Amino acid sequence: MELTALLGNETIQQRLRNAQAKGQLSHCYLLCGPTGSGKHTLARYITAMMECTGAQKPCGRCPQCHKILTGAHPDVITVDEPDKVTIPVKLVREACADLYVRPNEGQKKIYVFPRAQALNPQGQNALLKCIEEPPPYGAFLLLCEHAEQLLPTIRSRCVELALAPLPEALQARCFFAFGSAEEHFKYRPAVMAAYPKGQFPVFEGYDHMQYQIRDPEGFAAMLISVMETGKLPELPVLRREEP
């Protein structure tokens, strides 16, 4: 299991490797960047780094890593209500209260906010108290497009990782199996509309842009099917080959 699955952003990859090697992973990361830059992929890798029981973290093989990659880890908690524009303050307070219940099986108890920008000032202030003085096992991952969407007091308590858009050379690789870039982007919204949260159910947390690049032929076939039938076909599952 390598950070190279996070396409581009080599500086962030090296920064995390160095922190992990020194045992200095932060308890709170702010992951910001445009759609398709890999925020959700990076969040899964950080949680795996924190929970992994293998010798080389994250190993991708231990029970902790497997549960994280399949979205089944009891100590990785997503804090969100996607149907609501603003995350209810009550939800944040419940997460903060839950923080003081020790982890079920992991070394850490990690709270992921996939739409941190949807926290209003009251919700952010409620979260701030937890971020400032968490128990030793507490950790937080806040995801948003722009760091400026969060209060300065929140940002000052986080290690900010700003993801850049994928380089054009990498993006171009997803077009060779399907017409022009214009055609590609014309029909992609029809595919993405089937997933309001913007996530494809594919292995190891690939988002749609990374799926395109890892399996451009499969993605192209899916686009064609959507155009012809108006329905989303069963998605292939990307599996990494064992070394």
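Residues numbered from 1 in each chain as written. Predicted model: local features only at pLDDT ≥ 70, side-chain atom pairs only at ≥ 80, totals over all residues. Heavy atoms only, no water.

Some remarks on the overall build of the chain
For step 1, the next point in the chain: Along its length, the chain carries ten helices and five strands.
For step 2, the next point in the chain: Burial statistics for the chain: of 243 residues in total, 49% are counted as buried.
For step 3, the next point in the chain: Partitioning the contacts of the chain with sequence separation of at least 6, the portion at a separation of at least 24 is 73%.
For step 4, the next point in the chain: Surface accessibility of the chain: about 12,300 Å² in total, with carbon and sulfur atoms responsible for 52%. (Helix = DSSP H or I, 4+ residues; strand = E, 2+ residues; numbered from the N terminus. Buried < 20%, exposed > 50% of the residue type's maximum accessible area, 1.4 Å probe, protein only. Contact = heavy atoms within 4.5 Å. Areas by Shrake-Rupley, 256 points an atom, 1.4 Å probe, with all protein chains shown as cover.)

Focus: the state of the cysteines
Disulfide: a covalent bond formed between the sulfur atoms of two cysteine residues.
For step 1, the next point in the chain: Counted under the stated rule, the structure contains one disulfide.
For step 2, the next point in the chain: Bridging Cys 96 to Cys 130, the disulfide has an S-S length of 2.4 Å. Of the two residues, Cys 96 sits in helix α4 (residues 89–98) while Cys 130 sits in helix α5 (residues 121–132), which places them 34 residues apart along the sequence.
For step 3, the next point in the chain: Free of any disulfide, Cys 28 has its nearest cysteine sulfur in Cys 158, 3.2 Å distant.
For step 4, the next point in the chain: A relative accessible area of 0% places Cys 28 in the buried class.
For step 5, the next point in the chain: Among the cysteines around Cys 144, which has no disulfide bond, Cys 32 carries the closest sulfur, lying 5.5 Å off.
For step 6, the next point in the chain: On the accessibility criterion, Cys 144 (1% relative accessible area) is buried. (Disulfide = S-S within 2.5 Å.)

Re unusual backbone geometry
For step 1, the next point in the chain: The linkage connecting Lys 57 with the following residue, Pro 58, adopts the cis geometry, with an omega of -5°.
For step 2, the next point in the chain: Along the chain, Pro 58 turns up in the loop between α2 (39–51) and α3 (63–69).

So, the packing of α4 against α5
For step 1, the next point in the chain: Close contact between α4 and α5 brings their axes to 9 Å; oriented N to C, the two are set at 5°. On the basis of their axis angle, the class for α4 and α5 is roughly parallel. Residues Val 89, Val 92, Arg 93 and Cys 96 of α4 pack against Gln 122, Gly 123, Ala 126, Leu 127 and Cys 130 of α5. (Axes fitted to C-alpha atoms, helices over the stretch in contact; angles between N-to-C directions. Parallel < 35°, antiparallel > 145°, perpendicular 65-115°, else oblique.)

Let's talk about the nonpolar core
Generally speaking, soluble globular proteins have nonpolar side chains that are buried together.
For step 1, the next point in the chain: Core analysis: the biggest nonpolar cluster contains 27 residues, and Val 92, Phe 113, Leu 127, Phe 140 and Leu 142 have the highest contact counts within it.
For step 2, the next point in the chain: Mapped by element, the contributors of at least two residues to this core are β1 (28–32), α4, β3 (109–113), α5 and β4 (138–144).
For step 3, the next point in the chain: At five residues, the largest contribution of residues to this core is made by α5.
For step 4, the next point in the chain: Residue contacts for Phe 113: discarding those within four places in its chain leaves Val 79, Val 92, Leu 119, Leu 127, Phe 140, Leu 141, Leu 142 and Leu 143.
For step 5, the next point in the chain: In terms of nonpolar packing, the next biggest core, distinct from the first, is built from 16 residues, Leu 16, Tyr 29, Leu 141 and Leu 163 among them. (Core = buried A, V, L, I, M, F, W, Y, C linked by side-chain atoms within 4.5 Å.)

Here we look at the packing of aromatic side chains
How two aromatic rings sit relative to each other is given by the distance of their centres and the angle of their planes.
For step 1, the next point in the chain: Counting across every chain of the model gives one aromatic pair.
For step 2, the next point in the chain: Taken together, a centroid distance of 5.9 Å and an interplanar angle of 25° make the contact between Tyr 111 and Phe 140 stacked. Of this pair, Tyr 111 sits in strand β3 while Phe 140 sits in strand β4, placing them 29 residues apart in sequence. (Phe/Tyr/Trp six-rings, centres within 6.5 Å; stacked < 30°, edge-to-face > 60°.)

As for the confidence of the model for the chain
For step 1, the next point in the chain: Averaged over every residue, the pLDDT of the chain is 76; the share at 70 or more is 64%.
For step 2, the next point in the chain: Every residue in residues 1–5 scores below 50 in pLDDT, and together they form 23 contacts with partners more than four places removed in sequence or on other chains.
For step 3, the next point in the chain: Scored below 50 in pLDDT, residues 194–207 makes 40 contacts in the model with residues more than four places away or belonging to other chains. (pLDDT = per-residue confidence, 0-100.)

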